[in-house]
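The lines below spell out each chain.
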Protein chains: 2
Amino acid sequence: MNVIPPALARLIADFGRLPGVGRKTASRLAMHLLRRPAVEAQALAKSLTELHQLITMCSTCCAFSEADPCEICCNPDREQGLVCVVEEPADLVAIEKTASFKGKYHILHGVLSPADGIGPGELKIDRLLERIRRDQVNEVLIATSSTVPGEATAAYLIRHLQENSKVRITRLACGIPMGMDIKYADELTLSRAIASRQQQ
Amino acid sequence: MNVIPPALARLIADFGRLPGVGRKTASRLAMHLLRRPAVEAQALAKSLTELHQLITMCSTCCAFSEADPCEICCNPDREQGLVCVVEEPADLVAIEKTASFKGKYHILHGVLSPADGIGPGELKIDRLLERIRRDQVNEVLIATSSTVPGEATAAYLIRHLQENSKVRITRLACGIPMGMDIKYADELTLSRAIASRQQQ
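Since the structure is predicted, the reported quantities are computational estimates derived from the model, not experimental observations.

**Comments concerning the pairing of strand β5 (residues 139-142) of chain B**
Taken residue by residue, a regular strand's side chains alternate between the two faces of the sheet.
All names here are of chain B.
Logical step 1: Residue alternation in β5 divides its side chains into two sets, Glu139 and Leu141 and Val140 and Ile142, and both sets are buried.
Logical step 2: Alignment of β5 against strand β6 (residues 168-171), held across 4 bridges, turns out to be parallel. Paired with leucine 141 across the bridge in β6 is threonine 170.
Logical step 3: This β-α-β element, β5 to helix α7 (residues 148-164) to β6, shows right-handed connectivity.

Next up, the structure:
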């Protein structure tokens, strides 16, 4: 006997596939939307449908954007020769909030993690090298998180860039507490770290 | 400068409207779906769109169902004269799992909560009375939660049904939960269990 209507069961299952959403939370979210006016579920459905339709990846910096190249890559006021390498889009947002960085970005979309099968080939490192040559980049600021995988990724990047280019390589200054994720750092700490970046 | 693409910002805002989902969680869910293949976001969108299209409220018992009357109300094997009153659909699911109840259900869709503006008129009590008269219901088993609002709702229902019908009114037994050590039972539960002790 089916006590949960199939359409509700499907929504619960779909919510339950999201990270950090267990079965109880999924049921609660689905029941909430079932009780609220239909427009609320429809609005969420529309946003979900449009997500992949409207958002693309910038072919220069690998940021998610509705335009290619993205707004930052197109912006003539931003320093073309300075590129900040971050792990993920949320890190870019955190750095932009400080208003301390006037260069461009490059998003790796991950960190080296051999246990999860993520090696250098899975990150956007080839595109970064291409870009360094094509756009006369003269400084790469590495802004990976000061976590173990972030540090390992930074170490790999430094060696790789030194071997394959003549670009100046800098890193965020110490000031970021070890073990803290870039996107959770407070703005002042992050500003300080950008201002006192160190040559490697 | 817009560093979060508008389509992504809309999805984050929509997720953030769900109960218990803060801004960080909403961002995490949206970024997860953006990284995963488009079919995953589309599947969730489809389930959301179908939610209100396919699910209706059973006009007899007020359960959510794809058919009206619902499967339980249609089932000739279930005792027509015994109706279990629950607060919400999840309570029906919990009772069905026990396979100990062979009657029908009535869902109130809430509890009395004057602070939130929920009085008897907001619950499905009129429909219950109608149903008692129409379907020759002879027993109403009140299965509201043993919380303060659940108890208040039960007390109101008992008085209201006694005044307006001759139906037999029963309640779930209160006492020590199975598997619980007496010394860890709270005082109120233990008092109740002593007061309603059963002859063996």
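After that view, the rundown keeps rolling.
**Some remarks on the interface of chain B and chain A**
By a frequent convention, interface size equals the accessible area lost on bringing the separate parts together.
Logical step 1: Across the boundary between the two partners, chain B contributes 53 residues, which contact 53 residues of chain A.
Logical step 2: Counting across the chain B and chain A interface gives 4 salt bridges.
Logical step 3: Across the pair glutamate 50 of chain B and arginine 10 of chain A runs a salt bridge, and its minimum N-O distance is 3.1 Å.
Logical step 4: On the surface where chain B and chain A come into contact, there are 12 residue pairs in polar contact (both at pLDDT 80 or more).
Logical step 5: When residues in the side of chain B that touches chain A are grouped by element, the largest group, 12 residues, is from helix α3 (residues 38-54) of chain B.
Logical step 6: Split into classes, the residues belonging to the side of chain B that touches chain A amount to 32 nonpolar, 9 polar and 12 charged.

**Let's talk about the environment of histidine 160 of chain A**
Residue and element names in this part refer to chain A.
Logical step 1: Relative to the elements of secondary structure, histidine 160 occurs in helix α7 (residues 148-164).
Logical step 2: It is 9.1 Å that separates the C-alpha atoms of histidine 160 and isoleucine 125, two residues lying 35 residues apart in sequence.
Logical step 3: Setting aside chain neighbours within four positions, we find histidine 160 in contact with Ile125 and Leu129.

**Some words on helix α2 (residues 23-35) of chain A**
Logical step 1: A rise of 1.5 Å per residue sets the reference length of α2 of chain A, with its 13 residues, at 18 Å; its end C-alpha atoms lie 18 Å apart and thus fit the reference within 8%.
Logical step 2: Along α2 of chain A, the residues classified as buried are Ala26, Leu29, Ala30, Met31, Leu33 and Leu34 of chain A.
Logical step 3: Looking at the buried positions of α2 of chain A, the neighbouring elements they touch are α1 (6-16) and α3 (38-54) of chain A together with α3, β2 (64-65) and α5 (89-98) of chain B.

**Concerning the side chain of serine 165 of chain B**
Residue and element names in this part refer to chain B.
Logical step 1: Secondary-structure assignment places serine 165 in the loop between α7 and β6.
Logical step 2: Within the structure, the side chain of serine 165 is placed 3.4 Å from the backbone nitrogen of valine 167, a separation counted as a polar contact.
Logical step 3: Sequence-distant contacts of serine 165, defined by excluding residues within four places in its chain, comprise Leu129 and Ile132.

**Looking at the side chain of serine 65 of chain B**
Logical step 1: Assignment of secondary structure puts serine 65 of chain B in strand β2.
Logical step 2: Polar side-chain contacts of serine 65 of chain B include one of 2.7 Å to the backbone oxygen of alanine 67 of chain B.
Logical step 3: Those residues within four positions of serine 65 of chain B in sequence are excluded, and the remaining contacts are Pro5 of chain A together with Leu54, Ile55, Thr56, Cys70 and Glu71 of chain B.

**As for α1 of chain A**
Logical step 1: Among all positions in α1 of chain A, only Ala7, Leu8, Leu11, Ile12, Asp14 and Phe15 of chain A are buried. For α1 of chain A, the arc enclosing every buried residue in end-on projection is 165 degrees, short of the 170-degree limit, so these residues lie on one face.
Logical step 2: Buried residues belonging to α1 of chain A abut α2 and α3 of chain A together with α1 (6-16) and α3 of chain B.

**Describing the domain arrangement of chain A**
Logical step 1: Domain boundaries in chain A define domain 1 (6-54) and domain 2 (74-199).
Logical step 2: Measuring from the centre of the C-alpha atoms in domain 1 of chain A to the corresponding centre in domain 2 of chain A gives 35 Å.

**Some remarks on the nonpolar core**
Logical step 1: Counting 40 residues, the largest nonpolar core has Phe15, Leu44 and Leu48 of chain A together with Phe15, Leu44 and Leu48 of chain B as its most contacted members.
Logical step 2: Those elements that provide at least two residues to this core are α1, α2 and α3 of chain A together with α1, α2 (23-35) and α3 of chain B.
Logical step 3: With 24 residues, the next largest nonpolar core counts Cys70, Leu82, Val86 and Ala193 of chain A among its residues.

**So, the packing of helix α6 (residues 125-134) of chain A against α7 of chain A**
Residues and elements named next belong to chain A.
Logical step 1: The interhelical angle for the contact between α6 and α7, taken along N-to-C directions, is 40 degrees, at an axis separation of 11 Å. The angle between α6 and α7 falls in the class oblique. The handedness of the crossing between α6 and α7 comes out as right-handed. Contacts from Ile125, Leu128, Leu129, Ile132 and Arg133 in α6 reach Tyr156, Leu157, His160, Leu161 and Asn164 in α7.
Logical step 2: Among the residues making up the contact of α6 with α7, the classes are represented as 7 nonpolar, 2 polar and 1 charged.

**Quick look at the sheet that holds strand β3 (residues 82-86) of chain B**
Either a parallel or an antiparallel arrangement is found when strands of a sheet pair, and the pairing is made through backbone hydrogen bonds.
All names here are of chain B.
Logical step 1: Read from one edge of the open sheet, 4 strands run β4-β3-β5-β6, paired in parallel fashion. In this open sheet, the two strands that pair with only one neighbour each are β4 (104-107) and β6. The mean angle between the axes of side-by-side strands here comes to 25 degrees, regardless of whether they run parallel or antiparallel.
Logical step 2: In this sheet, β5 lies alongside β3 in parallel orientation, the contact comprising 4 bridges. In the strand pairing of β5, valine 85 is matched with isoleucine 142.
Logical step 3: Sheet strands touched by helix α6 (residues 125-134): β3, β4 and β5. Its angle to β4, the strand with the most contacts, is close to 150 degrees.
Logical step 4: Across the sheet, α7 touches β3, β5 and β6, and the angle it forms with β6 is around 165 degrees.

Rules used in this analysis
- Residues numbered from 1 in each chain as written.
- Chains lettered and ligands numbered in written order.
- Predicted model: local features only at pLDDT ≥ 70, side-chain atom pairs only at ≥ 80, totals over all residues.
- Heavy atoms only, no water.
- Buried < 20%, exposed > 50% of the residue type's maximum accessible area, 1.4 Å probe, protein only.
- Helix = DSSP H or I, 4+ residues; strand = E, 2+ residues; numbered from the N terminus.
- Pairing = 2+ DSSP bridges.
- Right-handed = clockwise from strand over helix to strand, strands pointing away.
- Contact = heavy atoms within 4.5 Å.
- Salt bridge = Lys/Arg side-chain N within 4 Å of Asp/Glu carboxyl O.
- Polar contact = N/O pair within 3.5 Å; in protein donor to acceptor, adjacent residues only side chain to side chain.
- Nonpolar A, V, L, I, M, F, W, Y, C, P; charged D, E, K, R; others polar.
- Expected span 1.5 Å × (residues − 1).
- Arc of directions from axis to C-beta.
- Domains from an automatic or database assignment.
- Core = buried A, V, L, I, M, F, W, Y, C linked by side-chain atoms within 4.5 Å.
- Axes fitted to C-alpha atoms, helices over the stretch in contact; angles between N-to-C directions.
- Parallel < 35°, antiparallel > 145°, perpendicular 65-115°, else oblique.
- Left-handed = near helix turned anticlockwise from the far one by under 90°.

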